[in-house]
Amino acid sequence: MQIDVSIGFFLLGVAAVLAGAKIEFPKSLYQALMLFLMIAIGLKGGVALAEHASWALLTQSIYILLFGLLLPFIAFPILHYIGLFERHDAASIAAHYGSVSVGTYAVAVAYLESKNIAYEAYIPLFVVLLEMPAIVVGIMLAKPSSISAGNATDDEAKCSSSTLASLKLPSIKLTSINSSSSKKLLHEMFFNQGIVLMVGSLVIGFLAAEKTQTIAPLFFDLFNGVLALFLLEMGMVAASRLSDIKRAGSFILAFSMAMPLIGGTLGCGLGVLMGLSSGGVILIAVLGASASYIAVPAAMRVVLPHANHSVSISASLGITFPFNVILGIPVYTVMSLWFLS
């Protein structure tokens, strides 16, 4: 039986942690790998954009933005009314699931190329577009007017934390959103490292076009090797989150696998509506199914600085990312081919 090389390295990372093996993976190396993937994806998208730029792409981009606005509205009522999460916590988690994971997208691209499935190479543009709408919706759903009601007293905070702990729900301390935090939020939305590097690389790829071949041996030829190292680290991180997942309860475990299937199904339908190829439909499904663990957490920390964000990260990184990497992408592939048949 053969497995995908990238997934093999992810499973190796999981197995290493579960076996108690001490693998030292420098934090700076992980960050470098993440930055490499963002630049490589942006460059590829920019080169493809130079070849396929059209008015049709503008229409597709509008569809993608609307898709990003829709997903948090689907996740929020499930979390708030069924899972009984507090409004602010439900809004924060919903924002994570309305945004995207660059790492998941990179795995999906490698998967399609290993299967020789063609796709529209300008889709990195959609990755960038999906970073921001969910953050805006998350803020709206959290009701800033209630957030600015004031700080809770220590006794109230302790009581709230105790009550929520008994329900296995995350606690939150309300704070005011002032002009300073608003500026920080806007900065995180538009100038976080993912947006800056991917947009910048996309623009460079668009303007340089064929001249990017001078750096292709680094950013294009080594892409799969770097992805394998990245997934080794991600496997170890995901496995280290198992204790947090157990504390979060069974509902968040079920949600973290059900929401990707909902987003993936809607993404399949959207990809078909946009007239994309089979590979393009699969990638839109993957984007709809993925959850952010970089841009959105940073933004939510600005809006809710005293909230317990461990549940959101544990759900997106500890459950949804492994689910998509191991099972989700093949499922979305079959689903997309069924939609197109």
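Residues numbered from 1 in each chain as written. Predicted model: local features only at pLDDT ≥ 70, side-chain atom pairs only at ≥ 80, totals over all residues. Heavy atoms only, no water.

Colleague: For the overall build of the protein, give the residues involved together with the corresponding values.
Modeller: When helices and strands are tallied, the protein shows 18 helices and zero strands. Taken across its 341 residues, the protein has 52% of its residues classed as buried. Of the contacts formed within the protein by residues at least 6 apart in sequence, a portion of 88% connects residues at least 24 apart. In the form shown here, the protein has an accessible surface area of approximately 15,100 Å², with 66% of it arising from carbon and sulfur atoms. (Helix = DSSP H or I, 4+ residues; strand = E, 2+ residues; numbered from the N terminus. Buried < 20%, exposed > 50% of the residue type's maximum accessible area, 1.4 Å probe, protein only. Contact = heavy atoms within 4.5 Å. Areas by Shrake-Rupley, 256 points an atom, 1.4 Å probe, with all protein chains shown as cover.)

Colleague: Please set out a nonpolar patch on the surface residue by residue, giving values where relevant.
Modeller: Together, Trp55, Leu58, Ile62, Tyr63, Leu66, Leu69 and Leu273 line one region of the surface with nonpolar side chains, adding up to about 750 Å² of accessible area. It is helix H3 (residues 55–82) that contributes the most residues to the nonpolar patch, six residues altogether. As for its placement among the helices and strands, Leu69 is situated in helix H3. (Patch = residues over 30% accessible without salt bridge, like charges linked within 9 Å, V, L, I, M, F, W, Y side chains within 5 Å. Salt bridge = Lys/Arg side-chain N within 4 Å of Asp/Glu carboxyl O.)

Colleague: I'd like a rundown of the pattern of salt bridges, residues and numbers included.
Modeller: A complete count under the given rule lists one salt bridge for this structure. Here Lys44 and Glu113 are joined by a salt bridge, their closest N and O atoms 4.0 Å apart. Pair noted here: Lys44 is in helix H2 (residues 27–52) and Glu113 is in helix H5 (residues 102–114), with a separation of 69 residues, a long-range link. Look at Glu113 and you get partly exposed, because its relative accessible area is 33%.

Colleague: Please set out the confidence of the model for the protein residue by residue, giving values where relevant.
Modeller: In the predicted model, the protein carries a mean pLDDT of 84, and the fraction of residues at 70 or more is 86%. Note on residues 145–176: pLDDT is under 50 here. Beyond four places in sequence and across chains, it has 46 contacts. (pLDDT = per-residue confidence, 0-100.)

Colleague: Describe the environment of Val203, with residues and values.
Modeller: Topologically, Val203 is positioned in helix H11 (residues 193–208). Classification of Val203 by relative accessible area gives partly exposed; the value is 39%. In sequence terms Val203 and Ala50 are 153 residues apart; their C-alpha atoms lie 9.4 Å from each other.

Colleague: Would you mind going over the packing of helix H16 (residues 278–289) against helix H18 (residues 310–340) in detail, with residue names and values included?
Modeller: Running from N to C, H16 and H18 point in directions that differ by 140°, and their axes come no closer than 9 Å. Taken as axis vectors, H16 and H18 run oblique relative to one another. The handedness of the crossing between H16 and H18 is right-handed. Seen from H16, the contacting residues are Ser278, Val281, Ile282, Ala285, Val286 and Ala289; seen from H18, they are Thr320, Asn324, Ile329, Tyr332, Thr333, Ser336, Leu337 and Leu340. (Axes fitted to C-alpha atoms, helices over the stretch in contact; angles between N-to-C directions. Parallel < 35°, antiparallel > 145°, perpendicular 65-115°, else oblique. Left-handed = near helix turned anticlockwise from the far one by under 90°.)

Colleague: Break down the packing of aromatic side chains for me, citing the residues and quoting the values.
Modeller: All chains considered together, the criterion is met by nine aromatic pairs. Aromatic side chains Phe85 and Phe251 sit 6.1 Å apart centroid to centroid with 45° between the ring planes, which places their arrangement in the tilted category. Separated by 166 residues along the polypeptide, Phe85 in the loop between H3 and helix H4 (87–98) and Phe251 in helix H15 (residues 250–273) bring together distant segments of the chain. Between the aromatic rings of Tyr122 and Phe126, the centroid separation amounts to 5.9 Å while the plane-to-plane angle is 90°, which identifies the pairing as edge-to-face. For the pair Tyr122 and Phe126, a shared accessibility class is recorded, and that class is buried. (Phe/Tyr/Trp six-rings, centres within 6.5 Å; stacked < 30°, edge-to-face > 60°.)

Colleague: Any details on the nonpolar core? Residues and values, ideally.
Modeller: Ranked by size, the top nonpolar core spans 93 residues in total, and within it Leu79, Phe126, Leu227, Phe230, Ile252 and Leu287 carry the most contacts. The greatest single-element share of this core, amounting to eleven residues, is contributed by H2. Not counting residues up to four positions away in its chain, the partners in contact with Leu287 are Ser99, Val100, Tyr105, Ile123, Phe126, Val127 and Leu130. Ala95, Ile135, Ile139 and Val303 belong to the second-largest nonpolar core, a separate cluster that totals seven residues. (Core = buried A, V, L, I, M, F, W, Y, C linked by side-chain atoms within 4.5 Å.)

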